[in-house]
Amino acid sequence: MYVIVDIETTGGNKNTGRITEIAAFKHNGKKVIDSFQSLINPGRPIPEFVKNLTGISDEMVAEAPPFESIADEFDKFTANSIFVAHNVNFDYRFLREEFRRLGRDFTRKKMCTVQLSRKVFPGLSSYSLGKIT
């Protein structure tokens, strides 16, 4: 089982940034069988640069749940699955840090679509999702 994850954050540093959105799709190797999506209230302002990049504003997350309110559901959703993301370590580190702040561990096997695409399509000038698709 695979869980394909994408997060948005308030910045690029897992120690100072916080998650503003999580989207995940559970895939059984043949098709998507379930999904999870939530805006997250990061408990801090979203920088203007990040608002412009992600389209997520302070107003959008004002009534969203904080991470601790969705942690159990996300943990169960990803259990016994391989955590897949484009540049997997970015998303994975942020999620591990959010769980660590709650005094919890979050450990999953990982698969990086950037690394896979470099093997499948060697020599491309860019491995961004837009270029690969």
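Relevant structure appears above.
Remember, it's a predicted structure, so these values are computed and weren't measured experimentally.

Caption draft 1: Examining the side chain of Thr20 more closely. Counting through the fold element by element, Thr20 comes out in strand 2 (residues 19-27). Not counting the four nearest positions on each side in its chain, Thr20 is found in contact with Glu8, Thr9, Thr10, Ser38, Leu39, Ile40, Pro42, Ile46, Ile56 and Val61.

Caption draft 2: Structural view of the packing of helix 3 (residues 67-78) against helix 4 (residues 88-101). With their axes 10 Å apart at the nearest point, helix 3 and helix 4 run at an angle of 115° to one another. Here helix 3 lies roughly perpendicular to helix 4, going by the angle between them. The handedness of the crossing between helix 3 and helix 4 comes out as left-handed. Contact with helix 3, carried on its side by Phe67, Ala71, Phe74 and Asp75, involves Leu95, Glu98 and Phe99 of helix 4 and no other residues of that element. Across the contact of helix 3 with helix 4, the residue classes break down as 5 nonpolar, no polar and 2 charged.

Caption draft 3: Quick peek at the sheet that holds strand 4 (residues 82-85). Taking strand neighbours across the sheet as the criterion, the 5 strands line up as 3-2-1-4-5 in an open arrangement whose pairing is mixed. Looking at the sheet topology across the chains shown, the edges are occupied by strand 3 (32-39) and strand 5 (110-112). With strand direction ignored, the average angle separating the axes of adjacent strands in the sheet is 20°. In the sheet, strand 1 (residues 2-9) pairs with strand 4 via 3 bridges, with the strands oriented parallel. Bridge pairing in strand 4 places Ile4 opposite Val84. This element, helix 4, spans strand 1, strand 2, strand 4 and strand 5 of the sheet and lies at about 80° to strand 1. Against the sheet, helix 5 (residues 113-120) contacts strand 4 and strand 5, and its axis sits at roughly 50° relative to strand 5.

Criteria and thresholds
Residue positions are given per chain, counting from 1 as you read along its sequence in written order. For this predicted model, a pLDDT threshold of at least 70 governs which residues receive local features, and a threshold of 80 or more governs which side-chain atom pairs are given and counted, while totals over whole chains, interfaces and linings are taken from all residues. To obtain the side-chain values, all non-hydrogen atoms of the structure were included, while hydrogens and water were left out. Going along the chain from the N terminus, every DSSP run of H or I of four or more residues is numbered as a helix, and every run of E of two or more is numbered as a strand. Here, two residues are considered to be in contact whenever any of their heavy atoms come within 4.5 Å of each other. Only the stretch in contact is used when fitting a helix axis, every axis being a line fitted to C-alpha atoms; angles between N-to-C directions are given from 0 to 180 degrees. Here is the rule for angles: anything less than 35 degrees is roughly parallel, anything more than 145 is roughly antiparallel, 65 through 115 is roughly perpendicular, and the remaining ranges are oblique. Take the far helix as your reference; a near helix turned counterclockwise from it by less than a right angle gives a left-handed crossing, and one turned clockwise gives a right-handed crossing. Polar here means any residue outside two lists: the nonpolar Ala, Val, Leu, Ile, Met, Phe, Trp, Tyr, Cys and Pro, and the charged Asp, Glu, Lys and Arg; Gly therefore counts as polar. In this analysis, strands are considered paired if DSSP registers two or more bridges between them.

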